[in-house]
Amino acid sequence: MNKLQKRRFLAVNGIFAFTAFMLEWTGISLNMYVYADSFHNIFNVPIAIIAFWIVIGHTSWVVYKRFGWIAGLLTGIIIDLPFEFLAFYLGWWTWIPGWGPAIFFNAPIPNFAVYLNVSLGSILIYKYVVKSKL
């Protein structure tokens with residue numbers, strides 16, 4: 001990886017991490033959900049969740065490049081589904097009722113809209129950063 005590629009990779013990770021932190025912190029502040037106390041966190045946002053968003057962002061880009069827009073956009077939702085199931089049974093996080101109808105192990109519909117937008121945003125960020133002269 002050359003110097004330009006490293007800078008672009010760091011820029012993308014920084015954008016993903018900042019966005020993940022801000023959106024998660026907002027969700028927690030609005031009492032949409034709570035995380036288990038067992039996670040290491042920054043202002044109640046688990047570091048593992050920020051890493052999860054970064055993985056989804058990179059994966060969305062790779063899937064988009066290989067299979068196109070629809071697959072790329074659905075990547076975040078597809079990755080999140082098994083984690084919603086595990087979180088429900090293992091108590092990793094708990095959704096607080098009232099933020100939309102729950103459709104999958106207490107996860108409300110807006111959660112899946114967020115992951116659709118995470119994938120979209122990730123693809124658009126990658127497109128911009130790849131074209132930029134960072």
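Keep in mind the model is a prediction, meaning the values are calculated, not measured.

K.L.:
Looking at this structure, I do not really get the overall build of the protein. What am I missing?
P.N.:
When helices and strands are counted, the protein shows 4 helices and 6 strands. Order of helices (α) and strands (β) in the protein, N terminus to C terminus: α-β-β-β-α-α-β-β-β-α. The globule rule puts the C-alpha radius of gyration for 134 residues at 14 Å, and the 15 Å found for the protein is close to it. Over its C-alpha atoms, taken along the principal directions, the protein stretches across nearly 45 × 30 × 20 Å. Looking at the protein as a whole, 35% of its 134 residues are labelled buried. At a minimum sequence separation of 6, the contacts of the protein that also span at least 24 residues come to 61%. Only carbon and sulfur atoms are counted for the fraction: they give 71% of the accessible area of the protein, which is about 8,100 Å². With 9 positive and 4 negative side-chain charges, the protein shows a spacing of 31 Å between the two charge centroids.

K.L.:
Explain the nonpolar core here, please?
P.N.:
For soluble globular proteins, the rule of thumb is that nonpolar side chains tend to be buried together. Ranked by size, the top nonpolar core spans 29 residues in total, and within it Y33, Y35, I50, W53, W93 and Y115 carry the most contacts. If you list the elements that add at least two residues to this core, you get α1 (3–29), β1 (33–35), α2 (47–67), α3 (69–90), β4 (93–95) and α4 (109–131). When residues in this core are grouped by element, the largest group, 8 residues, is from α2.

About the cut-offs
Residues numbered from 1 in each chain as written. Predicted model: local features only at pLDDT ≥ 70, side-chain atom pairs only at ≥ 80, totals over all residues. Heavy atoms only, no water. Helix = DSSP H or I, 4+ residues; strand = E, 2+ residues; numbered from the N terminus. Rg over C-alpha atoms; globule rule 2.2 N^0.38 Å. Buried < 20%, exposed > 50% of the residue type's maximum accessible area, 1.4 Å probe, protein only. Contact = heavy atoms within 4.5 Å. Areas by Shrake-Rupley, 256 points an atom, 1.4 Å probe, with all protein chains shown as cover. Lys, Arg positive; Asp, Glu negative; His and termini not counted. Charge placed at Lys NZ, Arg CZ, Asp CG, Glu CD. Core = buried A, V, L, I, M, F, W, Y, C linked by side-chain atoms within 4.5 Å.

Geometric values such as these leave the question of function open.
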